[in-house]
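Residue strings, one per chain:
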Amino acid sequence: MTTLAHDSATLTRDALTVLQPGFTGTTAPDWVLRRLGEGLASVGLFGRNIATPEQLAALTAQLRAERADVLVAIDEEGGDVTRLEVRTGSSFPGNLALGAVDDPELTRAVARELGRRLAECGVNLNWAPSADVNSNPDNPVIGVRSFGAEPELVARHTAAYIEGLQGAGVAACTKHFPGHGDTAVDSHHALPRIDAGLDTLTARELVPFRAAVAAGTKAVMSAHILLPVLDPDLPATLSPAALHGLLRRPVADGGLGFDGMIVTDGMEMRAIANAYGIEHGSVLAIAAGADAICVGGGLADEDTVLRLRDALVTAVIEGRLAEERLAEAAARVRALGEWTRRSGGPRAAHGIEPAAGVGLAAARRALSVTPAGTSYEPVTGPAYVAAFTPAANIAVGDETPWGVGAELARLRPGTGAATYGRQDADALGVHGLIENMLDTAGDRRIVAVVRDVHRHAWMADALDALLTARPETVVVEMGVPQAPPAGALHIATHGAARVCGRAAAEVIVGNGAGDHPGD
């Protein structure tokens, strides 16, 4: 009979410690509180967990009563990806808007105010910023979540964001290492592949991550992407060459020298779950160098936690995962929890002067307006807002409102709005869709709102037909402004946050300056 050297209680505790699960509801379920007492050290919150700031503060206090150093994580990028304001739209523009302004002090101020609000609610780990260089304009999942397409621009704003966020006592988690920007596939659905060479990777994807490490980011999130130049077989999340090698390797040896916590992207995403399963995938991720397993966006129950816990314990017992590696991972999670206990929380927030208007000020500065000048006639009466709406990617979700309709109606009562999707274009044909739109709009000025029009042929065709029929139409692009400007007035907001819609509405009615980025 073989006697196991493993301490089963320590193994179980360490296995729970490296998990970052989600749950449902606006209060913590009994199973979450019980597992916190058994070693669980982190939870992830999503829009479904948040109703009001007061409720969120009560929830995090409930969690912290069970474990003072618990990591309470959230995916709060600002801009299109918001959990704090999932039902209203964000008070902060996203990364592309900040990159368009290109004022690192503004980015730092926005991140600091966002961090202050998170800390005030008891959230101490933010799965942000995105440090991806959006070099592929057809990218279906990054887009406006990136600061831009230039590595050095992304690097300086990534560093500023980290400094602002962590200055408020909230740990930053820079993502998606080693860079998700040059992909044409959404890893929520399948495994993306980047065939760039090492020189390109070094000069493009890795530049912002080196800046993030230099800025002191407390965590880095891995990407479920295959980069054959690093590992021909395994995606970065599961690859020792990407995590233990490139990310951890000392700078002197060509690595990034990162010694903080590495957390995976969501393990139920199909890029991992379909090929490996979440249990085997989690074992491979920890073995590769990850310290924390993010799960819970889709699988938010106790059974998932127990399955992953037991998979890690069994892997150690069977010799497929080194006990020392699991212990090291758990120690890094606890170390970050201790940092947040000392540095974060409501006390940290109370020491920071609120900057309530910084988000709207940033959104106004981020507008790019074409043509500028006196030729445009502002909308003085009720308008009709036609939102050409693509399918939302999973990271953004379809819960969060976007557009300019609500803000324009506030400024011009009587304004109407409707959404038009690809299914409408397919059912009615482009000309039928536009005829329907014109009949509904009547004599009201039309404001066409698009999102990444360059990526959607049906949208581009419909917009062309609308502008032929109504050349006085205002066009508001709330995605990546890759297509040439069109319309009597073209406004690029560089994101679809609520404040971006407000800033655009102000220009439409003649109240905004309409400055170009950087002016």
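All of the points below concern the structure found in this document. Since this is a predicted model, take the numbers as computed values, not measurements.

## Digging into the environment of Ala 172
Here is step 1 of the chain: Looking at the element boundaries, Ala 172 is found in strand β5 (residues 171-177).
Here is step 2 of the chain: Apart from residues lying up to four places away in sequence, Ala 172 is in contact with Asn 126, Ala 128, Pro 129, Ile 162, Leu 165, Gln 166, Thr 217, Lys 218 and Ala 219.

## A closer look at the pattern of salt bridges
Here is step 1 of the chain: For the coordinates displayed, the defined rule picks out 39 salt bridges.
Here is step 2 of the chain: Ionic pairing is found between Glu 302 and Arg 34, a salt bridge with its closest N-O pair at 2.8 Å. Of this pair, Glu 302 sits in helix α12 (residues 302-317) while Arg 34 sits in helix α2 (residues 30-38); the two residues are 268 residues apart in sequence, bridging distant segments of the chain.
Here is step 3 of the chain: A relative accessible area of 40% means that Arg 34 is categorised as partly exposed.
Here is step 4 of the chain: A salt bridge links Arg 108 to Glu 163; its shortest N-O distance comes to 2.7 Å.

## Focus: the pairing of strand β10 (residues 383-388)
Here is step 1 of the chain: Counting buried residues along β10, six of its six residues qualify, which places the element largely inside the surrounding structure.
Here is step 2 of the chain: With burial as the criterion, each face of β10 is covered, one bearing Ala 383, Val 385 and Ala 387 and the other bearing Tyr 384, Ala 386 and Phe 388.
Here is step 3 of the chain: Note that β10 and strand β12 (residues 445-450) share five bridges and pair parallel. Its bridge partner being in β12, Val 385 is matched across the sheet by Val 447.
Here is step 4 of the chain: Taken together, the five bridges between β10 and strand β11 (residues 416-420) define a ladder with parallel strand orientation. Within β11, the residue paired with Ala 387 across the bridge is Thr 419.

## Overview of helix α20 (residues 498-508)
Here is step 1 of the chain: Counting buried residues in α20 gives nine out of eleven residues, a clear majority hidden from the surface.
Here is step 2 of the chain: When α20 is considered as a whole, its buried residues turn out to be Val 499, Cys 500, Gly 501, Ala 503, Ala 504, Ala 505, Glu 506, Val 507 and Ile 508.
Here is step 3 of the chain: Its buried side turned inward, α20 meets α15 (358-366), β9 (368-370), α16 (405-411), β12, β13 (474-477) and β14 (489-492).
Here is step 4 of the chain: Where α20 ends, the next residue or the one after it, Gly 510, has phi of about 90 degrees, a positive value.

## Regarding the packing of helix α18 (residues 430-441) against helix α19 (residues 457-469)
Here is step 1 of the chain: One can describe the packing of α18 onto α19 by two numbers: an axis separation of 9 Å at closest approach and a directional angle of 50 degrees. On the basis of the axis angle, α18 is oblique to α19. Where α18 crosses over α19, the two elements pack in a sense that is right-handed. Residues Val 430, His 431, Leu 433, Ile 434, Met 437 and Leu 438 of α18 touch α19, and the partners they reach there are Asp 461, Ala 462, Ala 465, Leu 466 and Ala 469.

## Topic: the packing of aromatic side chains
Here is step 1 of the chain: Taken as a whole, this structure holds five aromatic pairs when the rule is applied.
Here is step 2 of the chain: Here Phe 46 and Trp 127 contribute two aromatic rings whose centre-to-centre distance is 6.0 Å and whose plane-to-plane angle is 45 degrees, an arrangement assigned as tilted. Residue Phe 46 is located in the loop between β2 (42-45) and α3 (53-66), and its partner Trp 127 is located in the loop between β4 (125-126) and α6 (151-167); the two are separated by 81 residues in the primary sequence. Judged on exposure class, the residue Phe 46 and its partner Trp 127 are both buried.
Here is step 3 of the chain: Taken together, Phe 388, Tyr 420 and Trp 458 form an aromatic cluster joined through their ring pairs.
Here is step 4 of the chain: One cation-aromatic arrangement involves Arg 451 over Trp 402; the distance from NZ or CZ to the ring centre is 4.5 Å.

## What to know about the sheet that holds β5
Here is step 1 of the chain: If you trace the six strands from one edge of the open sheet to the other, you get β2-β3-β4-β5-β6-β7, paired in parallel fashion. Of all the strands in the sheet, the pair left with one neighbour each is β2 and β7 (261-263).
Here is step 2 of the chain: Two strands pair when backbone bridges link them, and β4 and β5 are joined in this way by two bridges, in the parallel orientation. Each bridged residue has a counterpart across the sheet, and for Asn 126 the counterpart in β5 is Ala 172.

## A few points about α15
Here is step 1 of the chain: Here α15 has its buried residues at Val 358, Gly 359, Leu 360, Ala 362, Ala 363 and Ala 366.
Here is step 2 of the chain: Contact partners of the buried residues in α15: α4 (95-101), α5 (104-120), β9, β14 and α20.

About the cut-offs
- Counting restarts for each chain, with residues numbered from 1 along the sequence as it is written.
- For a predicted model such as this one, the threshold for reporting local features is a pLDDT of at least 70, and the threshold for listing and counting side-chain atom pairs is 80 or more; totals across whole chains, interfaces and linings nevertheless cover every residue.
- Each side-chain value is worked out from all heavy atoms of the structure, with water and hydrogens disregarded.
- Helix and strand definitions follow DSSP, with helices as H or I runs of at least four residues and strands as E runs of at least two, each counted in order from the N terminus.
- Whether two residues are in contact is decided by their heavy atoms, any of which lying within 4.5 Å being enough.
- Should a side-chain nitrogen of Lys or Arg be within 4 Å of a carboxyl oxygen of Asp or Glu, the pair is scored as a salt bridge.
- Only protein chains enter the accessibility calculation, which uses a 1.4 Å probe. A residue is then buried if its area is under 20% of the maximum for its type, exposed if over 50%, and partly exposed in between.
- By definition, two strands form a pair when at least two bridges between them are found by DSSP.
- Angular values range over 0 to 180 degrees, each being the angle between N-to-C directions of two axes fitted as lines to C-alpha atoms, with helices fitted over their stretch in contact.
- Angular relationships are summarised with four words: roughly parallel below 35 degrees, roughly antiparallel beyond 145, roughly perpendicular across 65 to 115, and oblique for the angles in between.
- Definitions for this section: a left-handed crossing has its near helix turned counterclockwise from the far helix by less than a right angle. A right-handed crossing has that turn clockwise.
- In summary, the pairing rule links any two rings of Phe, Tyr or Trp, Trp by its six-membered ring, whose centres are within 6.5 Å, and it sorts them by plane angle into stacked for under 30 degrees, edge-to-face for over 60 and tilted for everything else.
- Whether a charge sits over a ring depends on NZ of Lys or CZ of Arg being within 6 Å of the ring centre and within 35 degrees of the ring normal.

Bear in mind that shape data such as this cannot, by itself, settle questions of function.
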